[in-house]
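A structural walkthrough
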Amino acid sequence: MTVALAGRAPATFEIKSANLPLVALLLKSADLRGLAGELQARYGELPEFFDHDPLVIDLAPLPGDAEVDFAALVKLLRNHRVIPVAVRGGSPAQQAAAREAGLALAEEAQPLRPTPVPVREQPVEAPAAAAPLGALLIDKPLRSGQQVYARGRDLVVMAMVNPGAEVIADGSIHVYAPLRGKAIAGARGNTEARILTLCLEPELISIAGVYRTSDAALPPEVLGKPTQVRLEGGVEGRLVMEPLELAPAPARGKP
Amino acid sequence: MARIIVVTSGKGGVGKTTTSASFASGLALAGHRTVVIDFDVGLRNLDLIMGCERRVVYDFVNVIQGEATLNQALIKDKNCENLSVLAASQTRDKEALNKDGVERVLKELAEMGFEYIVCDSPAGIETGALMAMHFADEALVVTNPEVSSVRDSDRILGMLSSKTRRAIEGKEPIKEHLLITRYNPNRVDQGQMLSLEDIQDILRIPLIGVVPESETVLQASNQGMPAVHLKGTDVSEAYKDVVDRFLGNDKPMRFVDPQKQGFLKRLFGSR
């Protein structure tokens, strides 16, 4: 008789190790009212800035004797669509309080350090404020099975999007080549988003959840042509496809 | 330095193994020391196409797992002196392949003085296919003139440019070649097949050759003889052109224009 049962895997589960990218919140004060106010000021107008992202609370900047109301902090953060899962740093008392509130200890969670920028000879003028996130720019062709998501921004693709590929953006999508895959603009509900391409042959186009497949052929005046797609009438509305009028370059030499 | 070439497609049944056998044989006939490896562990076929199935004692998996040396496992081809075959195991599955083992075998083959290492990829996009492409310097993407094959090739091209060692280490990308097999210009004319232009419009990589649809291929595989050896046939000529172009010689594309059928042939059928 063979004794092969010892190593038999359970049928209902399997334990595997996994990694997760986290957002880190460096907590500089235990004053939750102040924190709530500043969070509201910073992100209040962007209710969808976070998308239920897991978060680690970094207690390192906090004075060791500060008492944090973790239950209230978790509730506050959850209201901003982030999900605190762990703390790192802090005094033993603070860590104990965090654990009491159901948070894990994650000492290994290291914030990403930006890679050092090569030193330039000419001093570069520092930008006055953090530059707004520009469009996500893709230079390479997107082939079947590949997917790009421009989160919270526009997407510009300089090469073809092949059948079976997906381009998704929270803002608008520009494709300066044939668009033959799926294009999903306004993925988080922005009804003002548009899809622009030099050659419209998509499998599917969608703006703010209003979609159209190519099952029914697209109108001949836009199929395979430079086209703009926009949403008319909000989420209950319909997609409007218009041929792009590419204006000729202005004649040179005019006064 | 040995060049590693993966013959891949995503889709099954398009002619990867046929191509691997004829391409490797062609390189050997041109005087280059070549080895062809079957990565299709569990569904090995290359040895049949090469006609060496009765001489397989040790295989690729045995070498990876240290149960045999490369010298024991390499089978000398009966047609070309410069060609060796490394067969796949029929009793194992793809999980028997691992990156370290494959890398070690490829390195050892290079040290043995092989100039070209041709990796015959299995179909699909799982471990076997990933292992076959991982260390490649160049890729022959085998495509049939039909939409599903073209889409699968497109997927494979995406993986070649993102999942392979050259892509991960940010080195010069894998050199990609498009090889269209089972092409029938007359059926393209009748709208039954995609044309060369249709395929290239989607895939957009350089075309290295077109192998015409032919009964010769079936005949060759049943005989256990790579099609390139069947002298005077279209398929043999087409594969020789492919090897020539691969080695840097300029050759005009053949077998791409429809042939007018004569009156008698039309009357009595084309067979």
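This is a predicted model, so every value here is computed, not measured. (Residues numbered from 1 in each chain as written. Chains lettered and ligands numbered in written order. Predicted model: local features only at pLDDT ≥ 70, side-chain atom pairs only at ≥ 80, totals over all residues. Heavy atoms only, no water.)

1. Quick look at the interface of chain A and chain B
Going by this rule: Contact between two residues is taken to exist if any of their heavy atoms lie within 4.5 Å; hydrogens are not considered. Defined in terms of a 1.4 Å probe, buried area is the accessible area two parts forfeit on being brought together, summed over both. A side-chain nitrogen of Lys or Arg and a carboxyl oxygen of Asp or Glu constitute a salt bridge if their distance falls within 4 Å. Pairs of N or O atoms within 3.5 Å make up the polar contacts considered here, provided that, within protein, one atom can donate a hydrogen while the other can accept it, and that residues adjacent in sequence are counted only when both atoms are side-chain atoms. In this classification, Asp, Glu, Lys and Arg are treated as charged, Ala, Val, Leu, Ile, Met, Phe, Trp, Tyr, Cys and Pro as nonpolar, and every other residue, Gly included, as polar.
Facing the 12 residues of chain A at the interface are 12 residues of chain B. Summed over both sides, the interface of chain A with chain B buries roughly 960 Å², with 42% coming from carbon and sulfur. Of all residues in chain A, Arg143(A), Ser144(A) and Arg180(A) bury the most surface against chain B, accounting for 49% of the area lost on that side. Taken together, the connections running from chain A to chain B amount to 3 salt bridges. Here Asp201(B) makes a salt bridge to Arg180(A), at a shortest N to O gap of 2.6 Å. The tally of links from chain A across to chain B stands at 9 residue pairs in polar contact (both at pLDDT 80 or more). Classifying every residue of the side of chain A that touches chain B gives 3 nonpolar, 5 polar and 4 charged.

2. Observations regarding the packing of aromatic side chains
All names here are of chain B. Rules: Here a pair means two rings of Phe, Tyr or Trp (six-membered ring of Trp) with centres within 6.5 Å. Their orientation is stacked below 30 degrees between planes, edge-to-face above 60, and tilted elsewhere. Secondary structure elements are taken from DSSP: a helix is a run of H or I of four residues or more, a strand is a run of E of two residues or more, and numbering for both begins at the N terminus. A simple rule labels every residue: compare its accessible area, found with a 1.4 Å probe on the protein chains alone, to the largest value its type can have, and call it buried under 20%, exposed over 50%, or partly exposed in between. Two thresholds decide whether a charge sits over a ring: the Lys NZ or Arg CZ must be within 6 Å of the ring centre and within 35 degrees of the ring normal.
If you walk through the whole model with that rule in mind, you get 3 aromatic pairs over all chains. Ring centres 5.9 Å apart and planes at 70° place the aromatic pair Tyr116 and Phe246 in the edge-to-face group. Here Tyr116, found in strand S5 (residues 116-120), pairs with Phe246, found in helix H12 (residues 234-246); they are 130 residues apart in sequence, far enough to count as distant. The same class applies to Tyr116 as to Phe246, namely buried. Between Arg33 and the ring centre of Phe114, over which it is positioned, the NZ or CZ distance is 4.4 Å.

3. Some points on helix H1 (residues 32-43) of chain A
All names here are of chain A. How we decide: For a helix, the expected span equals 1.5 Å multiplied by the residue count minus one. An arc is given here, and it is the one of the directions from the helix axis to the C-beta atoms.
Relative to the 16 Å expected for 12 residues at 1.5 Å per residue, H1 spans 16 Å between its end C-alpha atoms, a close match to the ideal helical length. All of the buried residues in H1 are Leu32, Leu35, Leu39 and Tyr43. Buried residues in H1, looked at end-on, bunch into an arc of 55°, giving them a common side. Exposed positions of H1 whose direction lies more than 90 degrees from the buried face are Arg33, Glu38 and Ala41. If you follow the buried residues of H1, they end up packed against helix H2 (70-79). Among the residues of H1, the N-terminal cap falls to Asp31, whose side-chain oxygen and the backbone nitrogen of Arg33 are separated by 3.2 Å.

4. Quick word on the nonpolar core
We apply this condition: Put simply, a nonpolar core is a bunch of buried Ala, Val, Leu, Ile, Met, Phe, Trp, Tyr and Cys residues held in one set by side-chain atoms that sit within 4.5 Å of each other.
One finds Phe39(B), Phe60(B), Leu109(B), Ile117(B) and Leu160(B) to be the most contacted residues of the largest nonpolar core, which totals 51 residues. Here this core takes 5 residues from helix H7 (residues 147-160) of chain B, the largest share from any one element.

5. Some details on the environment of Ser121(B)
All names here are of chain B. Take Ser121: it is sitting in the loop between S5 and helix H6 (127-134). Look at Ser121 and you get buried, because its relative accessible area is 2%. Considered as a pair, Ser121 and Ile37 are 84 residues apart in the sequence and their alpha carbons are 8.7 Å apart. When neighbours within four sequence positions are excluded, Ser121 is seen to be in contact with Val6, Val7, Thr8, Lys16, Phe39, Ala129 and Ala132.

6. A closer look at the sheet that holds strand S8 (residues 166-169) of chain A
Residues and elements named next belong to chain A. Selection rule: Paired strands, in this sense, are two strands between which DSSP finds at least two bridges. Interaxial angle, 0 to 180 degrees, is taken between N-to-C directions of lines fitted to C-alpha atoms, where a helix line uses only the stretch in contact.
If you walk across this open sheet you meet the 5 strands as S6-S8-S10-S12-S13, and the pairing is mixed. Either end of the sheet is taken by a strand with one partner, and the two such strands are strand S6 (147-150) and strand S13 (210-213). Pairwise comparison of adjacent strand axes, ignoring direction, gives a mean angle of 5° for this sheet.

7. With respect to the pattern of salt bridges
Summed over all chains, the structure comprises 23 salt bridges over all chains. Measuring nitrogen to oxygen at the nearest pair gives 2.8 Å for the salt bridge that ties Asp154(B) to Arg143(A). Of the two residues, Asp154(B) sits in helix H7 while Arg143(A) sits in the loop between strand S5 (136-138) and S6, which places them in two different chains. On the basis of relative accessibility, which here comes to 5%, the residue Arg143(A) falls in the buried class. Asp47(B) is the salt-bridge partner of Arg44(B), the closest N and O atoms lying 2.6 Å from each other. What emerges from the salt-bridge pattern is a single network uniting Glu237(B), Asp241(B), Asp244(B), Arg245(B), Lys251(B) and Arg254(B).

8. What about the side chain of Ser89(B)?
Residues and elements named next belong to chain B. The topology assignment puts Ser89 in the loop between strand S4 (83-86) and helix H5 (99-111). A polar atom in the side chain of Ser89 sits 3.3 Å from the backbone nitrogen of Thr91. At 3.4 Å, the side chain of Ser89 forms a polar contact with the backbone nitrogen of Arg92. Setting aside anything within four residues of it in sequence, one finds Ser89 in contact with Val41, Gly42, Arg44, Asp59 and Val61.

9. Some points on the sheet that holds strand S4 (residues 104-105) of chain A
Residue and element names in this part refer to chain A. Strand order in the open sheet made by the 4 strands is S1-S2-S3-S4, with parallel pairing throughout. At either end of the open sheet lies a strand with only one pairing partner, and these are strand S1 (23-26) and S4. Contacts from H2 reach S1, strand S2 (53-58) and strand S3 (82-88) within the one sheet, and its direction differs from that of S3 by about 140°.

10. Notes on the pairing of S3(A)
Residue and element names in this part refer to chain A. Under the convention used in this document: A crossover counts as right-handed when, viewed with the strands pointing away from the observer, the path leading from the first strand over the helix to the second turns clockwise.
Counting buried positions over the 7 residues of S3 gives 5, a clear majority of the element. In the sheet, S2 pairs with S3 via 6 bridges, with the strands oriented parallel. Bridge pairing in S3 links Asp58 to Arg88. Each parallel crossover has a hand, and the one from S2 via H2 to S3 is right-handed. Examined bridge by bridge, S3 and S4 share 2 bridges and lie parallel to one another. Within S4, the position partnered with Ala86 by the bridge is Ala104. Handedness of the crossover is the feature at issue here: the chain leaves S3, passes through helix H3 (residues 92-100), returns alongside S4, and the resulting connection is right-handed.

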